[in-house]
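So you can see what is in the structure, the chains are spelled out below.
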Amino acid sequence: MIYLQVAGQTFGIQTTKQEAMFRRMARNYGPFMTTGDTPPAPLLFTADIDRPVPPLRGEPLRVFDYALTEDSARLSIYREGYILAVTHAASGKTFSMAYPLRREGTEASRFPADLTIQGIAPPGHILDHLLVFALSVAGIDRGVLLIHASTVVCRERAVMFLAESGTGKSTHSRMWLEHIAGTALLNDDAPAVVLSPDGSARVYGTPWSGKTPCYRAESYPLAALVRIRRAHSNRAARQHTLQAFGALLPSCLPTFQQDEPMLDKLCNTLSPLLAATPVFLLDCLPDADAARVCCKAVFGDL
């Protein structure tokens with residue numbers, strides 16, 4: 001069994017091809033990964049990746065098709081769970097994972113997947129996509145959220161930058177790294193936020209960092225969320241609760257927002273997070289002054 005510890009949660013990957021998968025995953029999963037007969041902590045879920053994906057009962061309530069870079073993905077929503085399938089454009093192979101919803105009193109969730117039985121090695125970005133959804137489904141009841149953001153650490157606290165792909169998250173992080181002393185990058189694509197019962201939150205590095213190889217098994221208290229918007233000058237404004245909700249929701253998993261029960265859980269998790277965490281809208285240029293304006297808004301000084 002391969003064990004991964006991400007965002008304070010432990011999950012397993014069951015496969016007869018353990019050594020090959022361990023080597024294949026080492027680049028981005030290495031800091032989070034161990035092997036052995038005994039898990040280092042109770043398992044949140046196990047991905048059994050050597051199995052044909054069985055159908056879930058009944059007809060799907062909804063089917064959601066979307067693009068995953070060059071590949072195509074389909075989420076089938078059932079009353080008792082989900083099936084996520086990604087068709088790899090280069091090979092024509094379709095890789096799937098089933099996510100039956102865990103019931104009260106049952107053991108850790110087991111998600112069957114056909115990743116190793118397609119005749120080719122599972123493409124890394126497809127494995128990543130299926131595991132991000134797995135952690136999201138299994139972790140939502142524990143206050144775990146995967147958020148599309150670039151995240152820096154400054155003064156031992158995390159600042160998350162939110163924006164649509166290609167509109168400046170990574171650029172703004174780079175401005176902090178270059179112009180705000182003591183800043184480090186935690187994750188550049190999909191950090192995890194874990195909410196405590198009191199509403200406070202910690203941000204965790206994950207194995208999923210987009211095009212930037214930054215895989216840090218570290219966590220820090222969340223200082224602020226910053227929604228970035230391109231503009232002709234630099235200005236940061238704190239958002240009230242409704243504005244903050246609108247700023248954060250688009251950066252949560254769009255697949256969650258296709259299923260009403262999961263959307264309810266997502267909103268119930270976001271509400272205490274936004275009550276305890278400042279959210280800013282940053283109108284900005286891609287320059288050093290934008291980083292200084294943002295840092296002063298978040299921390300009160302430079």
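Rules behind the numbers
Residues numbered from 1 in each chain as written. Predicted model: local features only at pLDDT ≥ 70, side-chain atom pairs only at ≥ 80, totals over all residues. Heavy atoms only, no water. Phe/Tyr/Trp six-rings, centres within 6.5 Å; stacked < 30°, edge-to-face > 60°. Buried < 20%, exposed > 50% of the residue type's maximum accessible area, 1.4 Å probe, protein only. Helix = DSSP H or I, 4+ residues; strand = E, 2+ residues; numbered from the N terminus. Contact = heavy atoms within 4.5 Å. Salt bridge = Lys/Arg side-chain N within 4 Å of Asp/Glu carboxyl O. Pairing = 2+ DSSP bridges. Arc of directions from axis to C-beta.

Undergrad: Got a minute to help me understand the packing of aromatic side chains in this structure?
TA: Each pair of aromatic rings is reported with the distance of its centres and the angle of its planes. Taken as a whole, this structure holds 9 aromatic pairs when the rule is applied. Both rings, one in F64 and one in Y66, keep their centres 5.3 Å apart while their planes meet at 25 degrees; by these two values the pair is stacked. Judged by relative accessible area, Y66 falls into the buried class, the value being 17%. Both rings, one in Y82 and one in F133, keep their centres 5.7 Å apart while their planes meet at 85 degrees; by these two values the pair is edge-to-face.

Undergrad: Any chance you could explain the environment of C284 here in plain terms?
TA: Mapped onto the elements of the fold, C284 is located in strand β18 (residues 279-284). For C284, a relative accessible area of 7% translates into the label buried. What C284 contacts, discounting residues up to four positions off in sequence, is I228, R229, R230, A231, S233, N234 and A290.

Undergrad: Can you walk me through the pattern of salt bridges in this structure?
TA: Scanning the entire structure with this criterion turns up 10 salt bridges. For E164, the salt bridge identified is with R227, shortest N-O distance 3.0 Å. With a gap of 63 residues between them, E164 in the loop between β12 (157-162) and α3 (169-179) and R227 in strand β16 (residues 219-230) connect regions that are remote in the sequence. Within this structure, D48, R51 and R110 form a network of salt bridges that share partners.

Undergrad: Even after reading the chapter, I still don't get the pairing of strand β4 (residues 43-48), so can you show me in this structure?
TA: Both faces of the sheet carry side chains from a regular strand, because those side chains alternate between them. Most of β4 is tucked away: 6 of the 6 residues are buried. Examined bridge by bridge, strand β2 (residues 9-14) and β4 share 5 bridges and lie parallel to one another. Each bridged residue has a counterpart across the sheet, and for G12 the counterpart in β4 is T46. Across 4 bridges, the pairing between β4 and strand β9 (residues 109-112) is parallel. Counted as the bridge partner of D48 is P112 from β9.

Undergrad: Please explain the environment of F95 as it appears in this structure.
TA: By the element assignment, F95 lies in strand β8 (residues 94-100). The spacing of F95 and T241 is 146 residues in sequence and 40 Å in space, taken between C-alpha atoms.

Undergrad: Got a minute to help me understand helix α4 (residues 241-248) in this structure?
TA: Every α-helical turn comprises 3.6 residues, leaving residues that sit three or four positions apart pointing alike. Within α4, burial applies to A244, A247 and L248. Each buried residue of α4 sits inside an arc of 85 degrees when the element is viewed along its axis, so together they form one side. Summarising the contacts, the buried residues of α4 are in contact with β12, β16, α5 (260-276) and β18.

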